[in-house]
Amino acid sequence: MKTFFSLVSFVVGILVLLIGFGNLLFLTHNPANAAAGGVVTVVGLTFLWLATEAMFSRANQG
């Protein structure tokens, strides 16, 4: 289950990160688009962080 969660989080994180960067870099015609791109980029980075934490964390099953 941990592997599936990591894979899904990684894929979603990459897709969301691409959308956020695209919004920041290519579609920033007003400040609202830039702010939305920044928020989406942070969400994508959070998904990637969760995926890496799930992949590389120790199993604390007791």
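About the cut-offs
- Residues numbered from 1 in each chain as written.
- Predicted model: local features only at pLDDT ≥ 70, side-chain atom pairs only at ≥ 80, totals over all residues.
- Heavy atoms only, no water.
- Helix = DSSP H or I, 4+ residues; strand = E, 2+ residues; numbered from the N terminus.
- Buried < 20%, exposed > 50% of the residue type's maximum accessible area, 1.4 Å probe, protein only.
- Contact = heavy atoms within 4.5 Å.
- Areas by Shrake-Rupley, 256 points an atom, 1.4 Å probe, with all protein chains shown as cover.
- Axes fitted to C-alpha atoms, helices over the stretch in contact; angles between N-to-C directions.
- Parallel < 35°, antiparallel > 145°, perpendicular 65-115°, else oblique.
- Left-handed = near helix turned anticlockwise from the far one by under 90°.
- Nonpolar A, V, L, I, M, F, W, Y, C, P; charged D, E, K, R; others polar.
- Expected span 1.5 Å × (residues − 1).

**Student:** In this structure, what is going on with the overall build of the protein chain? I would like to understand it.
**Tutor:** Counting its regular elements, the protein chain contains two helices and zero strands. Burial statistics for the protein chain: of 62 residues in total, 23% are counted as buried. Of the contacts formed within the protein chain by residues at least 6 apart in sequence, a portion of 62% connects residues at least 24 apart. Within the structure as shown, the protein chain displays about 4,700 Å² of accessible surface, and the carbon and sulfur contribution to it stands at 75%.

**Student:** Help me understand the packing of helix α1 (residues 2-25) against helix α2 (residues 31-56), please; the structure alone is not making it clear to me.
**Tutor:** Interaxial distance between α1 and α2 falls to 7 Å at its minimum, and their mutual angle equals 160°. Relative to α2, the element α1 is oriented roughly antiparallel. Remark: the crossing between α1 and α2 carries left-handed chirality. Considered class by class, the residues forming the contact of α1 with α2 number 20 nonpolar, 10 polar and one charged.

**Student:** Explain α1 to me, please; I cannot follow it from the model alone.
**Tutor:** Since one α-helical turn is 3.6 residues long, residues separated by three or four positions face the same way. Counted at 1.5 Å a residue, the expected span for α1 with its 24 residues is 34 Å, and the 34 Å between its end C-alpha atoms agrees. Every buried residue of α1 is listed here: S6, S9, G13, V16, L17, G20, G22 and N23. Where the residues of α1 are buried, they touch α2.

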